[in-house]
Amino acid sequence: MKRLSILLWTLLFTFSFSVAQARSITDALGRQIAIPERVTHVLCSGSGCLRLLSYLEGQEFAVAADEMETRYEKFTARPYALAYPEFKKLPQCGEIRGHDNPEHILMLSPAPQVIFKTVSSHQGTEPDKLQKKTGIPVIAIHYGNLDSRREELFQSLRIIGEVIDKQQRAEDVVSFIQTRIADLKKRTAHIPDSKRPRTFVGGVAYRGPHGYQSTEPGYPPFAFVGAKNLAAEGCAGKALSKHASVAKEKILAWDPDVLFLDLSTLQMEATASGLYELKNDPAYQSLTAVQKNRVYGVLPYNWYSKNYGSILANAYYAGKILYPEEFADITPAHQADEIFRFLVGAPVFERMNSAFSNLAFSRITVSNNGK
């Protein structure tokens, strides 16, 4: 009986929508989608989707969220979630990473006029399936990144902006990101290779927390300031933005000048985190950076996909540590809040940092040699 009622409701909604539809947009998969002239109620499905809506100041349009956005978290490293705690009170429409529940979606009140759905290369048919089950227009977007898929990110921002009438805000966000990256690169472009410290960042999250061997060869904060990322060695011709796990022996052989610790690793059990490893593993204790007290904490950035504001903030901090003269005018925490204030409407650095023992943008003493 319940399924029959839902089917009838779907047919009624589809009929009503067909009368109201007034324009067509092209989504990231090249699909032509008919949508209402004015859209004020939307649903975001999939990793990072609600973040992009927040960047465009469209948070009030969200009528539901997936399980990741509504559950309690001891650790929170998503700036938009801190800025808009009301997301946790939204009705739940599915599980994490875009595993939607069509029946729950059909019971929403108010009903979404459109569904934005982040899709990867192997999910090309998912928007059509969800649209068929709900009768609601599903607009596919690619989440992209700040490396080789930056234009995909910008395209998605523009698609969302077109749908919710935030075109100018979309252009402002695109310009903001481009301007910050250009500023970071300009500050360090003149530095000779011999003056660039050899660096490594460990503890990088990938579908959950990891120990210190977890890294990213194309770590964007390093790329933007021209840091010599040792994990990128031997990766010529490969996708640098992919996660990698480096053998401990390799890190010891590199003996980096400076170490950074992605604080997402603190989610792990005490004896498994990258911080514990640096403090207690005799091999790591032998590293020059540990002995010279050159270990620094950075914000988690890969948390339900990439938090672009945190990437930019980490880049300014990395630049400050590696090239202090070129970043003499930068106070990293203030810079982070300036970025967060623009992207998500609130200065959330201190709140986020407090969840990670206030170790972000600070020197972390891990040596046991008494220094």
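What you see is a predicted model, and the numbers here were worked out from it, not measured in a lab.

S.K.: Whenever I open this one, the packing of helix H8 (residues 167–188) against helix H14 (residues 308–322) confuses me. Can you help?
M.R.: Helix-helix packing: each pair is described by the crossing angle between the helix axes and the interaxial distance. Two elements in contact, H8 and H14, have axes whose closest approach is 11 Å; the angle formed by their N-to-C orientations is 15 degrees. Regarding the angle of H8 to H14, the classification is roughly parallel. Pair H8 / H14 crosses with left-handed handedness. Along its contact with H8, which presents Phe176, Arg180, Ile181, Asp183, Leu184 and Arg187, the element H14 presents Leu312, Ala315 and Tyr316.

S.K.: It is not clear to me how the sheet that holds strand E12 (residues 258–262) should be interpreted in this structure. Could you clarify?
M.R.: Sheets are built from strands paired through backbone hydrogen bonds, the pairs being either parallel or antiparallel. Read across the sheet, 4 strands follow the order E10-E8-E12-E13 without closing on themselves; strand pairing throughout is parallel. Looking at the sheet topology across the chains shown, the edges are occupied by strand E10 (228–229) and strand E13 (295–298). Across 4 bridges, strand E8 (residues 198–202) lies against E12 in parallel orientation. Across the sheet, the residue bridging to Phe200 is Leu259, located in E12. Relative to the sheet, H14 contacts E8, E12 and E13, its axis offset from that of E12 by approximately 160 degrees.

S.K.: Would you take a moment to explain the environment of Phe356 for this structure?
M.R.: Tracing the backbone through its elements, the reader meets Phe356 in the segment after helix H16 (349–354). For Phe356 and Asn302, which are 54 residues apart along the polypeptide, the C-alpha to C-alpha distance reads 15 Å. Phe356 has contacts with Phe75, Thr76, Ala77, Leu263, Ser264, Leu266, Pro300 and Trp303, leaving out every residue within four places of it along the chain.

S.K.: Before we go on, may I ask you to explain the pairing of strand E6 (residues 114–118) in this structure?
M.R.: In terms of residue burial, E6 counts as a mostly covered element, since 5 of its 5 residues are buried. On E6, burial covers both faces: Val114, Phe116 and Thr118 on one face and Ile115 and Lys117 on the other are all buried. In this sheet, E6 lies alongside strand E3 (residues 42–45) in parallel orientation, the contact comprising 4 bridges. Within E6, the residue paired with Cys44 across the bridge is Phe116.

S.K.: What should I look at first to understand the side chain of Ser47 in this one?
M.R.: By the element assignment, Ser47 lies in the loop between E3 and helix H2 (49–55). Taking the relative accessible area as the measure of exposure, Ser47 reaches 19% and is therefore buried.

S.K.: Mind showing me how you'd approach the pattern of salt bridges here?
M.R.: A side chain with one charge may pair with a side chain of the opposite charge, provided their charged atoms come close. Evaluated as defined, the whole model comprises 15 salt bridges. Across the pair Arg169 and Glu57 runs a salt bridge whose closest N-O atoms are separated by 3.7 Å. One end of the pair, Arg169, is in helix H8; the other, Glu57, is in the loop between H2 and helix H3 (67–70), and 112 residues separate them in sequence. Ionic pairing is found between Glu126 and Lys129, a salt bridge with its closest N-O pair at 3.8 Å. On the criterion of helical spacing, the pair formed by Glu126 and Lys129 is a turn pair, its members being 3 residues apart in helix H6 (residues 126–134). On the basis of relative accessibility, which here comes to 30%, the residue Glu126 falls in the partly exposed class.

S.K.: In this structure, what is going on with the state of the cysteines? I would like to understand it.
M.R.: Disulfides are covalent bonds that link the sulfur atoms of two cysteine residues. If you walk through the whole model with that rule in mind, you get 0 disulfides. Note on Cys49: no disulfide assigned, nearest cysteine sulfur contributed by Cys44 at a separation of 3.7 Å. A relative accessible area of 0% places Cys49 in the buried class. Take Cys93: it sits in no disulfide, and the sulfur closest to it among the cysteines is that of Cys44, at 9.0 Å.

So, how was this worked out
Residues numbered from 1 in each chain as written. Predicted model: local features only at pLDDT ≥ 70, side-chain atom pairs only at ≥ 80, totals over all residues. Heavy atoms only, no water. Axes fitted to C-alpha atoms, helices over the stretch in contact; angles between N-to-C directions. Helix = DSSP H or I, 4+ residues; strand = E, 2+ residues; numbered from the N terminus. Parallel < 35°, antiparallel > 145°, perpendicular 65-115°, else oblique. Left-handed = near helix turned anticlockwise from the far one by under 90°. Contact = heavy atoms within 4.5 Å. Pairing = 2+ DSSP bridges. Buried < 20%, exposed > 50% of the residue type's maximum accessible area, 1.4 Å probe, protein only. Salt bridge = Lys/Arg side-chain N within 4 Å of Asp/Glu carboxyl O. Disulfide = S-S within 2.5 Å.

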